[in-house]
Amino acid sequence: SLKMEFSGVATGQGTLIISPWGGWLLRHWVVTVPAARLASLMNISLPLSIDGEVRLRLQQGAIGQEVCHKLQGQFQWLNPKLTTPFGPLSLQTFLSRLSCDSNIARAQINHQGKKIKLMIDCHFNARQWQLSGQMKGENEFSEKFSKMLGYYAAHADVNGYYHFNR
């Protein structure tokens, strides 16, 4: 069992086994990182700040040299909050399921909240990642959401969803 803290930014603990052939076996990992820290590592082209806490709960993972053999777990975005030029947006907890698909790690979100509907499919390995999805605002949030994304020349489809690929 291993317990870690990274300069007060992230904490984690679980079991790590390093195999002689260069693979890693992870069991019962819990890692917590401030959402703002993760957002600072991504190239987000929107003027917004991201708050809350991101928690990784990994029941098990087997990762070889850039190959995902087994992955079972979830990411949670707890107390999610976005601060945009149109005001603050407090949201419900987001949950992402983690798995392996054709030796590539995969994270999927299907969030059907009161303020936002969001579907994301992300494939990633040590060198690259690919993300696609769609989202739309619901109820009173729909107008704020449309203004924010419309400001960046995004257009919704006939069902009100904004699509993205990266």
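See the structure printed just above.
Only a predicted model underlies this, so the values are computations on that prediction, with no experimental measurement involved.

Novice: Which parts of the structure should I look at to understand the overall build of the protein?
Specialist: Scanning the protein from terminus to terminus reveals two helices and eleven strands. Starting at the N terminus, the α and β elements of the protein follow one another as β-β-β-α-β-β-β-β-β-β-β-α-β. Here the protein, with 166 residues, has 37% of them falling under the buried criterion. Partitioning the intrachain contacts of the protein with sequence separation of at least 6 by distance along the chain shows that 39% fall at a separation of at least 24. Split by element, the accessible area of the protein, about 10400 Å² in all, is 53% carbon and sulfur.

Novice: I keep staring at the side chain of Ser96 and nothing clicks. Help me out?
Specialist: Within the secondary structure, Ser96 sits in strand 7 (residues 94–101). Judged by its relative accessible area of 6%, Ser96 falls in the buried class. A polar side-chain atom of Ser96 sits 3.3 Å from the main-chain carbonyl oxygen of Gln108. With near-sequence residues (within four places) excluded, Ser96 lies in contact with Gly73, Gln74, Phe75, Ala107, Gln108 and Ile109.

Novice: Just to check I follow, could you spell out the packing of aromatic side chains for this structure?
Specialist: Any pair of aromatic rings gets described here by the distance separating the centres and the angle formed by the planes. If you walk through the whole model with that rule in mind, you get one aromatic pair. Pairing Trp77 with Phe94 gives two aromatic rings, centres 5.3 Å apart and planes at 35 degrees, and the pair type is tilted. Here Phe94 lies in strand 7 and Trp77 lies in strand 5 (residues 67–84), a separation of 17 residues in the sequence.

Novice: Quick question: what am I supposed to make of the side chain of Arg55 here?
Specialist: Within the secondary structure, Arg55 is located in strand 4 (residues 49–64). Within the local environment of Arg55, its side chain forms a polar contact with the side chain of Glu53, the two groups lying 2.8 Å apart. Ignoring anything within four residues of it in the chain, the contact list for Arg55 reads Val30, Val31, Thr32, Gln74, Phe75, Gln76 and Leu78.

Novice: What am I meant to see in the pairing of strand 4 here?
Specialist: The two faces of the sheet receive side chains in turn, since in a regular strand these alternate between them. As defined by bridge partners, strand 3 (residues 24–34) adjoins strand 4 across ten bridges and the pair is classed as antiparallel. Paired with Trp29 across the bridge in strand 4 is Leu58. Strand direction decides the pairing type here: strand 4 and strand 5, joined by 14 bridges, are antiparallel. Across the sheet, Arg55 pairs through a bridge with Gln76, a residue of strand 5. Counting the residues that bridge the hairpin from strand 4 to strand 5 gives two residues, and of these Glu66 lies at a positive phi of roughly 65 degrees.

Novice: Can you walk me through the state of the cysteines in this structure?
Specialist: Considering all chains together, one arrives at one disulfide under this definition. Across the disulfide from Cys68 sits Cys100; the S-S distance is 1.7 Å. Because the torsion about its S-S bond is -60 degrees, the bridge between Cys68 and Cys100 counts as left-handed. Note that Cys68 is positioned in strand 5 and Cys100 in strand 7, a separation of 32 residues in sequence.

Novice: Honestly, unusual backbone geometry in this entry has me stumped. Any pointers?
Specialist: Negative phi values dominate among residues other than glycine, just as trans dominates among peptide bonds. Phi angles above zero are rare outside glycine, and His28 is one such case at about 55 degrees. Mapping His28 onto the fold places it in strand 3. On the basis of relative accessibility, which here comes to 60%, the residue His28 falls in the exposed class. One non-glycine residue, Asn79, adopts positive backbone phi at about 50 degrees. Relative to the elements of secondary structure, Asn79 occurs in strand 5. By relative accessible area, Asn79 is classed as exposed at 65%.

Novice: Explain the nonpolar core here, please?
Specialist: What tends to happen in soluble globular proteins is that the nonpolar side chains get buried as a cluster. Counting residues in each nonpolar core, the largest one holds 30 residues, and the members touching the most others are Ile50, Leu58, Leu71, Trp77, Leu82, Phe94 and Leu118. Every element with two or more residues in this core is listed here: strand 3, helix 1 (35–41), strand 4, strand 5, strand 7, strand 8 (104–112), strand 9 (116–124) and strand 10 (129–137). Those residues in contact with Leu71, other than ones at most four positions away along the chain, are Leu58, Gln60, Gly61, Leu98, Ser99, Cys100 and Ala105.

Cut-off values and rules
- Counting from 1, residues in each chain are numbered in the order their sequence is written.
- Thresholds applied to this predicted model are a pLDDT of at least 70 for local features of residues and 80 or more for the giving and counting of side-chain atom pairs; totals over whole chains, interfaces and linings are not thresholded and use all residues.
- Think of the side-chain values as coming from all heavy atoms in the structure, minus any hydrogens and water.
- Secondary structure elements follow DSSP: runs of H or I of four or more residues count as helices, runs of E of two or more count as strands, with numbering from the N terminus.
- Any residue under 20% of the maximum accessible area for its type is buried, any over 50% is exposed, and the rest in between are partly exposed; the area is computed with a 1.4 Å probe on protein chains only.
- We call two residues contacting when some pair of their heavy atoms lies within 4.5 Å.
- Surface exposure here means Shrake-Rupley accessible area, sampled with a 1.4 Å probe, where a residue is shielded only by the protein chains that are shown.
- Identification of polar contacts relies on pairs of N or O atoms within 3.5 Å, with a donor-acceptor requirement for protein atoms, meaning one able to donate a hydrogen and the other able to accept it, and with residues adjacent in sequence counted only if both atoms are side-chain atoms.
- When two rings of Phe, Tyr or Trp (its six-membered ring) have centres within 6.5 Å they constitute a pair, described as stacked for plane angles under 30 degrees, edge-to-face for angles over 60, and tilted for the intermediate range.
- A pair of strands is treated as paired once DSSP finds two or more bridges between them.
- Two cysteine sulfur atoms make up a disulfide if the distance between them is within 2.5 Å.
- Here, the term nonpolar core denotes a set of buried Ala, Val, Leu, Ile, Met, Phe, Trp, Tyr and Cys residues that are joined through side-chain atoms within 4.5 Å.

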